[in-house]
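# Fold and geometry: a report
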Amino acid sequence: MLGDYDEQQERILAEAVEEDAAITVPHFLTGASRRNIQKLIPTILPVQGGLPLFYKGKSHAFCGEGGIGKTFIVQLTMLTLTKMLDSVRENAYECPVFVDYEDDENSFIERLLSLGGTDDEIARIAYLESPGSLMPETVTGKAWMEWVKEYRPTFVCIDSVAEACAAAGVNDEENTQFNRWYIGVIKPLNKLGVTTVHVDHTGHANGNGGTGGSRARGASSKDQRVSGASYLLRLLEPWTRTCDGMAEIVVIKDRHGHRRKGSTAATVRVTVGNNGANVDMQFFAPKANAAGETMSPEGEPGAWSAGGRILRVLRTTKRWHTKHDIQQFEIDSPLIVKGEASKPLKMNTIETELKRLMAKNLIQVDTSEPLYRYAELGIPPQQKMTGFEEAF
């Protein structure tokens, strides 16, 4: 059996060498100064007031807790790309592709329709459900790459890493095995100019300022093994079928240096209507000072002050809060600074900062409980935050 396996691997390697001889043999970099080489910038999925999120032809990791909207954002990206295609036809070339290990086709279409996708736009998207292993040595993997080479998709999302690795018999908890999956499945797509996004889940935060929820679960190389960027989707205010919400996209790694690690790439505002049948997502860049440093709500660059963190809670949720609500929000949605989750503010710090912010007329207070809100809002006190609802 071992001899058969070795022969199989030798055959696969020989085929790969024959196919890729042009890039596996070194060549001299002649005429470098005459090449029209431009600095790579992200161009896919627009962000109002900032750079888009994804780099064309590069790989991206997108992680977050389950059920908070990662798939919605990727599907919105795909709808955006379909608007750039010239025509609709069966098996359309240059289409976006969704490889789904977690859900089914009906659920996928339902989300596209809720995002405003038309029949024509959705017809331009290719869908593959639970295909098994996509590793190049498998029958499925070979058929997959033949399809990719024939139809030349521009964008591929694999949702999610854990299930895709499991289907390939790979342990995504270990760096060497995850790297094997990445090299076998993701890199061949990027080599063909395909933009890829692989969706993943985060580990579990411990509630005491730990970083378990601030990166992809399992192998540490998941966050680093990207040729584009790696992002964390973090919930600020959960949305349901009857409730609007908000999230932020935090940078874990930007290989091309346009965004700093730990900075917010975009705030995502989610508006829900018709009992979840209509979902609108808008992406906004955070404000920055003249030096390009991301600022806290009080205008302090880099390190967020305690007062800035409180204003972050009040401004993002747009509701009345008790001081205990503010502390709980800090625990549930910790601020990510330099890739680490900040410890929640202590109650005496919250009380001191609330008084200071009131003195500066940055917040308003209803003294009956008391309740606090951001000063620009005009929301009646009874609409205070009462807790997080389950996201759909």
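The structure this text deals with has already been given above.
Cut-offs and rules
Residues numbered from 1 in each chain as written. Predicted model: local features only at pLDDT ≥ 70, side-chain atom pairs only at ≥ 80, totals over all residues. Heavy atoms only, no water. Helix = DSSP H or I, 4+ residues; strand = E, 2+ residues; numbered from the N terminus. Areas by Shrake-Rupley, 256 points an atom, 1.4 Å probe, with all protein chains shown as cover. Axes fitted to C-alpha atoms, helices over the stretch in contact; angles between N-to-C directions. Parallel < 35°, antiparallel > 145°, perpendicular 65-115°, else oblique. Left-handed = near helix turned anticlockwise from the far one by under 90°. Contact = heavy atoms within 4.5 Å. Nonpolar A, V, L, I, M, F, W, Y, C, P; charged D, E, K, R; others polar. Buried < 20%, exposed > 50% of the residue type's maximum accessible area, 1.4 Å probe, protein only. Bend = angle between axes of the 7 residues up to and from the residue.

On a plain count of helices and strands, the chain comes out with 12 helices and 13 strands. Summed over all atoms, the accessible surface of the chain reaches about 19700 Å², with 50% contributed by carbon and sulfur.

Right, let's get into the packing of helix H11 (residues 323-332) against helix H12 (residues 347-359). Running from amino to carboxyl end, H11 crosses H12 at an angle of 120°, the nearest separation of the two axes being 10 Å. Judged on the interaxial angle alone, H12 and H11 are oblique. Crossing angle aside, the handedness with which H11 passes H12 is right-handed. Counting all contacts with H11, which are made through Lys323, His324, Ile326 and Gln327, the residues of H12 involved are Met347, Ile350, Glu351 and Leu354. The residue inventory of the contact of H11 with H12, partitioned by class, reads 4 nonpolar, 2 polar and 2 charged.

You can see Ile249 is positioned in strand E7 (residues 245-254). Overall, Ile249 belongs to the buried group, its relative accessible area being 0%. Spatially, the C-alpha atoms of Ile249 and Leu233 are 4.6 Å apart, while their sequence positions differ by 16 residues.

Right, let's talk about helix H8 (residues 175-191) for a bit. The largest bend along H8 reaches roughly 35° and is located at Ile183. Trailing H8 by a residue or two, Gly193 shows a phi angle of about 90°, which is positive.

Take the packing of helix H3 (residues 70-82) against helix H4 (residues 105-114) next. One way to put it is that H3 packs onto H4 with a least axis distance of 10 Å and a crossing angle of 70°. One finds that H3 runs roughly perpendicular with respect to H4. Two packed elements cross with a definite hand, and for H3 against H4 that hand is right-handed. On H4, the residues that touch Thr71, Phe72, Gln75, Met78 and Leu79 of H3 are Phe108, Arg111, Leu112 and Ser114. Broken down by class, the residue content of the contact of H3 with H4 amounts to 5 nonpolar, 3 polar and 1 charged.

Just distances and angles here, no functional claims.
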